[in-house]
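This is what each chain is made of:
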Amino acid sequence: MIAVSRADPAARAGRLSILVASVMTMPVAADRGRGIGTRALAWLTEHVFTTAAGASRIEGTTRQDNVAMRRLFRRGGYVKESHYRDGWPDPDGNLHDAIGYAILRRDWLAGTTTVLRWDDEPA
Ligand SMILES: CC(C)(COP(=O)(O)OP(=O)(O)OC[C@H]1O[C@@H](n2cnc3c(N)ncnc32)[C@H](O)[C@@H]1OP(=O)(O)O)[C@@H](O)C(=O)NCCC(=O)NCCS
């Protein structure tokens with residue numbers, strides 16, 4: 001799942017709009033591991049940031065054991081921001097953890113990666 005977050009000057013909080021669901025299900029099994037996903041995510045990221053002027057970030061979520069998708073996010077400049085325990089139910093009713101990633105427009109523009117501080121819990 002991919003979502004876009006837009007900073008709305010007229011609102012106190014940013015606005016979140018779901019853009020694409022399961023866009024990364026495109027390569028058929030035989031074509032996986034050949035770079036199609038990497039190119040698709042790069043295209044999607046560029047398309048959003050160049051056509052949606054107010055988009056400040058793009059978010060994506062995948063299942064914890066989806067190694068290919070997680071590598072895809074990291075290779076594309078996305079940073080892990082969240083870990084949702086039991087956040088991804090499968091069709092058989094089993095619960096899996098879900099992992100959230102995001103890329104910032106300013107990082108995408110500068111070719112940088114803003115590292116997240118995980119140890120910010122108040123005492
Ligand atoms: C996830 C998916 C879109 C990746 O597409 P792809 O074309 O295979 O991706 P790429 O070839 O660009 O590879 C991306 C990374 O995944 C890795 N990868 C690919 N297939 C893999 C596999 N079966 N197991 C482990 N890693 C794998 C690649 O080595 C690469 O990692 P690297 O950057 O460290 O070298 C594709 O595997 C897929 O469609 N999966 C099923 C649907 C799905 O999981 N969608 C996402 C829902 S959130």
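Preceding block: the structure.
Keep in mind that what you see is a predicted model, and the values were worked out from it rather than measured. (Residues numbered from 1 in each chain as written. Predicted model: local features only at pLDDT ≥ 70, side-chain atom pairs only at ≥ 80, totals over all residues.)

*Asks:* Any chance you could explain the overall build of the protein chain here in plain terms?
*Replies:* Helix and strand content of the protein chain: 3 helices and 5 strands. What you see in the protein chain, going N to C, is helices and strands ordered as β-β-α-β-α-β-β-α. Relative to its 123 residues, the protein chain shows a buried fraction of 14%. Long-range pairs, those at least 24 residues apart, make up 55% of the contacts in the protein chain between residues at least 6 apart in sequence. (Helix = DSSP H or I, 4+ residues; strand = E, 2+ residues; numbered from the N terminus. Buried ≥ 20, exposed ≤ 12 C-beta atoms within 10 Å, placed from the backbone. Contact = placed C-beta atoms within 7 Å.)

*Asks:* Got a minute to help me understand unusual backbone geometry in this structure?
*Replies:* It is generally the case that most residues other than glycine have a negative phi and that most peptide bonds are trans. Although it is not a glycine, Asp86 adopts a positive phi angle of roughly 55°. Structurally, Asp86 is set in strand E4 (residues 79-89).

*Asks:* Before we go on, may I ask you to explain the packing of helix H1 (residues 36-51) against helix H2 (residues 67-75) in this structure?
*Replies:* Packed helix pairs are specified by the crossing angle of their axes together with the interaxial distance, meaning the distance between the axes. The geometry of H1 relative to H2 is characterised by a closest axis approach of 10 Å and an angle of 45° between their N-to-C directions. When the axes of H1 and H2 are compared, the pair comes out oblique. Considering only the axes of H1 and H2, their crossing is right-handed. From H1, Gly37, Thr38 and Leu41 reach across to H2, where they touch Ala68, Leu72 and Arg75. Its residues assigned to classes, the contact of H1 with H2 shows 3 nonpolar, 2 polar and 1 charged. (Axes fitted to C-alpha atoms, helices over the stretch in contact; angles between N-to-C directions. Parallel < 35°, antiparallel > 145°, perpendicular 65-115°, else oblique. Left-handed = near helix turned anticlockwise from the far one by under 90°. Nonpolar A, V, L, I, M, F, W, Y, C, P; charged D, E, K, R; others polar.)

*Asks:* Would you explain the pairing of E4 in this entry?
*Replies:* Two elements, E4 and strand E5 (residues 95-104), share 7 bridges in a ladder whose sense is antiparallel. Bridged to Tyr84 within E5 is Ala98. Counting the residues in the hairpin turn of E4 and E5 gives 5 residues, including Gly93, whose phi is positive at 90°. (Pairing = 2+ DSSP bridges.)

*Asks:* Is there a simple way to explain the nonpolar core in this structure?
*Replies:* The nonpolar side chains of a soluble globular protein tend to be buried, and buried together. Counting residues in each nonpolar core, the largest one holds 10 residues, listed as Leu41, Ile58, Leu72, Phe73, Tyr78, Ile99, Tyr101, Ala102, Ile103 and Trp108. Those elements giving two or more residues to this core turn out to be H2 and E5. Sorting elements by how many residues they give to this core places E5 first, with 4 residues. In this view, Tyr78 contacts Gly60, Phe73, Tyr101, Ala102 and Ile103; residues no more than four positions away in its chain are not counted. (Core = buried A, V, L, I, M, F, W, Y, C linked by C-beta atoms within 7 Å.)

*Asks:* Would you take a moment to explain the environment of Phe73 for this structure?
*Replies:* Note on placement: Phe73 falls in helix H2. The buried category is assigned to Phe73, around which 24 C-beta atoms lie within 10 Å. On a C-alpha basis, the gap between Phe73 and Ile103 in space is 8.9 Å, while along the polypeptide they are 30 residues apart. Leaving out residues up to four positions away in the same chain, Phe73 has contacts with Gly60, Tyr78 and Tyr101.

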